[in-house]
Amino acid sequence: MATVHIPAQLRPMTAGVEHLEIDAANVRQLIESLETRFPGLRERLCDGDRIRAGLQVAIDGALSNKGFAARLAASSDVYFLPAIGGG
């Protein structure tokens, strides 16, 4: 099962859960599973049918630009990270 790490700013919605294992083949399934466990979380991660602007998905240490279609392995580590900008 993939391990998803919950960002600190979203932990109030997960009763403080920092990470959990989820059986999912891609990011879409992972988010839907999170929504089932923690209603309202999808709205904080997504804008319609895409990852919310200002968030990046990192899978196994690499940023992904595939959004919901990004594939997960059974041993994947998944992080939702705020995008960093600057000048």
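Quantities reported herein were computed from a predicted structural model and do not represent experimental measurements. (Residues numbered from 1 in each chain as written. Predicted model: local features only at pLDDT ≥ 70, side-chain atom pairs only at ≥ 80, totals over all residues. Heavy atoms only, no water.)

This part covers the overall build of the chain. For the chain, the count of helices and strands is 2 helices and 7 strands. The helix and strand sequence of the chain, counted from the amino end, reads β-β-α-α-β-β-β-β-β. The C-alpha radius of gyration of the chain comes to 12 Å, within 12% of the 12 Å expected for a compact globule of 87 residues. Seen through its principal axes, the chain has C-alpha atoms that stretch 35 × 25 × 25 Å. (Helix = DSSP H or I, 4+ residues; strand = E, 2+ residues; numbered from the N terminus. Rg over C-alpha atoms; globule rule 2.2 N^0.38 Å.)

What follows concerns the nonpolar core. Core analysis: the largest hydrophobic core is formed by 24 residues, its most contacted members being Val 4, Val 27, Leu 30, Ile 31, Leu 34, Leu 45 and Phe 80. For this core, the leading source of residues is helix H1 (residues 27-37), giving 4 residues. When sequence neighbours within four positions are dropped, the list of residues in contact with Leu 30 reads Val 4, Ile 22, Ala 24, Leu 72, Val 78 and Phe 80. (Core = buried A, V, L, I, M, F, W, Y, C linked by side-chain atoms within 4.5 Å. Buried < 20%, exposed > 50% of the residue type's maximum accessible area, 1.4 Å probe, protein only. Contact = heavy atoms within 4.5 Å.)

Take unusual backbone geometry next. A positive phi angle, close to 55°, is found at Ala 15, a residue other than glycine. On the secondary structure map, Ala 15 appears in the loop between strand E1 (2-5) and strand E2 (19-22). Overall, the relative accessible area of 78% leaves Ala 15 in the exposed class. If you check the backbone angles, Asp 60 has positive phi at about 50° while not being a glycine.

The values reported here are purely geometric and, on their own, carry no functional implication.
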